[in-house]
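# A look at the structure
Take a look at the letters that make up each chain.
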Amino acid sequence: MAKTNRVAETSRTRRGLAMRAVVAVAAVGVAYVLFVPTKRPGAIDPAALQAARTSGCGDVTHPAAEAPGGLHLSPGGSYDYPQHPASSGYHDPQPLPADPHVYDRPVPETRAVHNLEHAYVLIYYRGLAPDVVEAIAGLAQRGSRVIMAPYPDLPSGTGLALVAWNTLWECPAGTSAGAATTIAKGFIDAYRGTNVAPEAPRGFLGPFLQP
């Protein structure tokens, strides 16, 4: 009987230790979410800035004076954005999926704007040479939180548009494959997963974790 009691007591002790371990792990997880800051935008790589100047790209702009998050439409609802491509504003409650990264047809812009809210980078293009599209697509395929799609309504003279939340960088259609990938990588590295977006992921792994 004494042996049985010792076994039962040992079992209870182990269960208690296991429960305390679970609680401790949960507490660490909550603290991580609450207190680990989101990543701030970085500086664009000088090589990307030089490639942009050589290619005739414009400056990085922040189109909206205010860009609050959480502005949801009804599911499937449409919205007439005042600026194209849209970099913030009202959006569908359902973002585009994390995969595929590359589309060969235009995507619903209201859903894409929701991805921007989650700190994605969108790569839009029109009239680029096939080798340029292929090169940028390879870059997009290798990165989390990056989506590439054609955009027939880019402004006149713009062949490539890189978009983060309320952040836009536009380049002409004549941009070469090498320059375009350098420019796109510089933009992605600076803005993907950062708190330029209102619902950016937290922690040092945030930019690489899908929502």
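Our structure's up above, just so we're on the same page.
Attention in this report is confined to the structure presented alongside it. Because the structure is a prediction, the values reported are computed rather than measured. (Residues numbered from 1 in each chain as written. Predicted model: local features only at pLDDT ≥ 70, side-chain atom pairs only at ≥ 80, totals over all residues. Heavy atoms only, no water.)

With that settled, the discussion passes to the state of the cysteines. Scanning the entire structure with this criterion turns up 1 disulfide. Each sulfur in the disulfide pair Cys-57 and Cys-171 lies 2.1 Å from the other. Sign of the S-S torsion, about 105° for the bond between Cys-57 and Cys-171, identifies this disulfide as right-handed. Remark: Cys-171 occurs in strand 4 (residues 167-171) and Cys-57 occurs in the loop between helix 2 (46-55) and helix 3 (109-117); sequence separation between them is 114 residues. Of the residues examined, Cys-57 reaches a relative accessible area of 14% and is grouped as buried. (Disulfide = S-S within 2.5 Å. Helix = DSSP H or I, 4+ residues; strand = E, 2+ residues; numbered from the N terminus. Buried < 20%, exposed > 50% of the residue type's maximum accessible area, 1.4 Å probe, protein only.)

Evaluated as defined, the whole model comprises 1 salt bridge. Between Asp-189 and Lys-185 there is a salt bridge, with its nearest N and O atoms 2.7 Å apart. Note that Asp-189 and Lys-185 are positioned in helix 5 (residues 177-191) at a spacing of 4 residues, about one turn of the helix. (Salt bridge = Lys/Arg side-chain N within 4 Å of Asp/Glu carboxyl O.)

Below, the discussion takes up the layout of surface pockets. Roughly 210 Å³ of internal volume is contained in the largest pocket. Together, 17 residues line the largest pocket, and Ala-64, Tyr-81, Pro-82, Ser-88 and Gly-89 are the ones closest to its centre. Each residue belonging to the lining of the largest pocket can be placed in one class, and the counts come to 11 nonpolar, 5 polar and 1 charged. (1 Å grid on protein atoms, 1.4 Å probe; cavity = no way out; pocket = protein on both sides within 12 Å on 5 of 7 lines; lining within 4 Å. Points joined across faces, edges and corners; volume = space filled by probe spheres on them. Nonpolar A, V, L, I, M, F, W, Y, C, P; charged D, E, K, R; others polar.)

Shape descriptors only; they carry no functional weight alone.
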